[in-house]
Amino acid sequence: MKAIQFSGPGGPETIAEVDIAAPIPAAGQLAIAVRFAGLNFVDVLARRGAPGYASSWPFVPGMEVGGEVVALGEGVSGFAVGDTVVAFTVDGGGLAETVVAEAGLAARVPDGLALDAATTVPLTWATAVGLTRAAHVAAGDRILVTGAGGGVGDALAAVLALRQPKVLVGGTSTRSAASLAAAYRPAIRDAEFAANAREAADDAAFDVVLESIGGDVSAAMPALLAPGGRLVSYGAAAGQPDPAAPTLAELRRNNWTTAGFSIINRARGDAGAIGDLIAGVFALTAEGLALPAPRVIGWGEAVEAHIAQAENRSPGKTVVAVQD
Ligand SMILES: NC(=O)c1ccc[n+]([C@@H]2O[C@H](COP(=O)([O-])OP(=O)(O)OC[C@H]3O[C@@H](n4cnc5c(N)ncnc54)[C@H](OP(=O)(O)O)[C@@H]3O)[C@@H](O)[C@H]2O)c1
């Protein structure tokens with residue numbers, strides 16, 4: 001079968017289109033004929049060799065897929081050959097004609113939901129719901145999303161807006177500001193980011209900060225968190241070293257809570273928790289949340305789109321039509 005593969009950790013020179021054997025589902029797994037594979041920043045982190053992303057080398061990227069079940073591993077129940085499903089393929093493999101997924105990380109697609117949009121549920125939208133839960137978001141919160149552009153940022157805009165925040169501010173580069181989801185008040189992520197974000201929130205600090213940039217942006221947290229504020233760190237896209245965390249004395253004095261969120265590590269440790277997040281997204285769609293259609297590209301455009309995402313010039317959530 002055709003697949004896109006990273007030969008080892010490194011730059012774009014490690015990417016190749018290859019012809020490899022289709023995987024066979026082990027006990028507890030499904031084999032899925034992939035129709036759509038989502039592109040995610042976590043594929044970029046895998047290629048760069050960031051710890052915890054690529055599970056082995058060579059590595060086939062693609063951690064969220066939609067398609068049809070073509071085979072069941074031993075002991076799988078609740079699915080049948082021919083089912084249309086989406087899955088969080090936590091060990092990659094999605095940018096290929098066939099992928100295997102843990103049954104606990106897969107879900108049948110509800111009637112009426114387009115498969116290209118549903119493909120963005122098991123990782124992108126599940127992360128948005130997971131972050132909202134991890135931060136204990138409540139109505140009336142002032143909320144800052146430091147990396148508000150891109151796939152997860154767009155999904156967060158929609159999920160957080162349902163929680164009726166008092167203020168929702170989105171950190172953005174100048175390049176992405178024009179395409180930021182309308183629910184965000186933009187705050188440019190330059191050297192004055194903390195001041196820009198507070199100004200966008202009518203000169204107030206934040207009850208909730210969802211932080212995915214790292215480095216200098218993480219270092220600005222003490223200036224951004226209100227007393228009683230909750231910070232959830234879920235990425236470090238800028239590639240800068242993490243700053244020193246607030247001390248226990250600072251946490252006590254300010255009644256701050258800090259937390260981390262990694263859907264990948266959660267999936268590896270507790271598949272049921274991911275099933276709950278996927279079900280949580282589908283429940284929101286049943287209540288009226290409209291999943292936007294992602295940008296759909298052909299197989300021949302996938303490598304360039306992955307490189308564009310790595311270079312922060314991606315136009316938004318993208319899925320690859322694998323059977324083109
Ligand atoms: N912890 C988890 O469970 C989890 C799960 C999924 C994703 N994530 C993280 O969430 C973030 C968004 O992921 P995504 O798949 O939605 O990616 P995406 O669509 O490519 O969006 C990338 C986001 O990262 C920002 N960014 C800042 N500096 C960047 C740089 N040097 N290179 C690339 N992007 C940069 C972009 O901001 P501008 O557009 O404003 O420049 C944009 O908000 C990533 O950091 C990813 O690792 C975490």
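Computed from a prediction, not measured in an experiment: that's the story for all the values here. (Residues numbered from 1 in each chain as written. Predicted model: local features only at pLDDT ≥ 70, side-chain atom pairs only at ≥ 80, totals over all residues. Heavy atoms only, no water.)

Attention now goes to the nonpolar core. Core analysis: the biggest nonpolar cluster contains 79 residues, and Phe 88, Val 145, Leu 156, Tyr 184, Leu 210 and Ile 263 have the highest contact counts within it. In this structure, this core is formed jointly by two domains, domain 1 (2-120 + 291-321) and domain 2 (125-264), each of which donates at least three residues. (Core = buried A, V, L, I, M, F, W, Y, C linked by side-chain atoms within 4.5 Å. Buried < 20%, exposed > 50% of the residue type's maximum accessible area, 1.4 Å probe, protein only. Domains from an automatic or database assignment.)

Take the pattern of salt bridges next. Where charged atoms of side chains with opposite charge meet at close range, the side chains can pair. Counted under the stated rule, the structure contains 8 salt bridges. Glu 64 is the partner of Lys 317 in a salt bridge, and the nearest nitrogen-oxygen pair spans 2.6 Å. Here Lys 317, found in the loop between helix H12 (302-310) and strand S15 (318-321), pairs with Glu 64, found in strand S4 (residues 64-72); they are 253 residues apart in sequence, far enough to count as distant. As far as the burial class goes, Lys 317 and Glu 64 line up, both buried. Taken together, the salt bridges that share partners define one network made up of Glu 304, Glu 311 and Arg 313. (Salt bridge = Lys/Arg side-chain N within 4 Å of Asp/Glu carboxyl O. Helix = DSSP H or I, 4+ residues; strand = E, 2+ residues; numbered from the N terminus.)

This part is about H12. Because the α-helix completes a turn every 3.6 residues, residues three or four places apart line up on one side. Most of H12 sits out of view: 7 of its 9 residues are buried. Every buried residue of H12 is accounted for by Ala 302, Ala 305, His 306, Ile 307, Ala 308, Gln 309 and Ala 310. Elements that come into contact with the buried residues of H12 comprise strand S1 (2-6), strand S2 (15-19), helix H1 (41-48), strand S14 (295-298) and S15. Taken from the residues just after H12, Asn 312 is the one with a positive phi, measuring 55°. (Contact = heavy atoms within 4.5 Å.)

Spatial ordering of the open sheet is given by S10-S9-S8-S11-S12-S13, a layout of 6 strands whose pairing is parallel. Each edge of the open sheet carries a strand with a single partner, namely strand S10 (185-188) and strand S13 (257-260). Ignoring which end each strand starts from, the neighbouring axes of this sheet average 20° apart. Relative to S13, strand S12 (residues 225-233) runs parallel, the two being bridged by 4 bridges. In the strand pairing of S13, Ser 233 is matched with Gly 260. Packing against the sheet, helix H4 (residues 150-161) makes contact with strand S8 (142-145), strand S9 (167-172) and strand S11 (206-211), and its axis sits at approximately 170° to S8. Where helix H6 (residues 193-200) meets the sheet, it contacts S8, S9, S10 and S11, and its direction lies at approximately 165° from that of S10. (Pairing = 2+ DSSP bridges. Axes fitted to C-alpha atoms, helices over the stretch in contact; angles between N-to-C directions.)

Moving on, we come to the domain arrangement of the protein chain. When the parts come together, some accessible area is lost, and that loss is often what is quoted as the size of the interface. Here the protein chain is described as being made up of domain 1 (2-120 + 291-321) and domain 2 (125-264). Contacts between the two partners involve 14 residues from domain 1, matched on the other side by 6 residues from domain 2. Buried area between domain 1 and domain 2, both sides added, is near 880 Å², and the carbon and sulfur share of it is 65%. Ranking the residues of domain 1 by area buried against domain 2 places Phe 88, Thr 120 and Asn 312 at the top, with a combined share of 37%. (Buried area = accessible area lost by both parts, 1.4 Å probe.)

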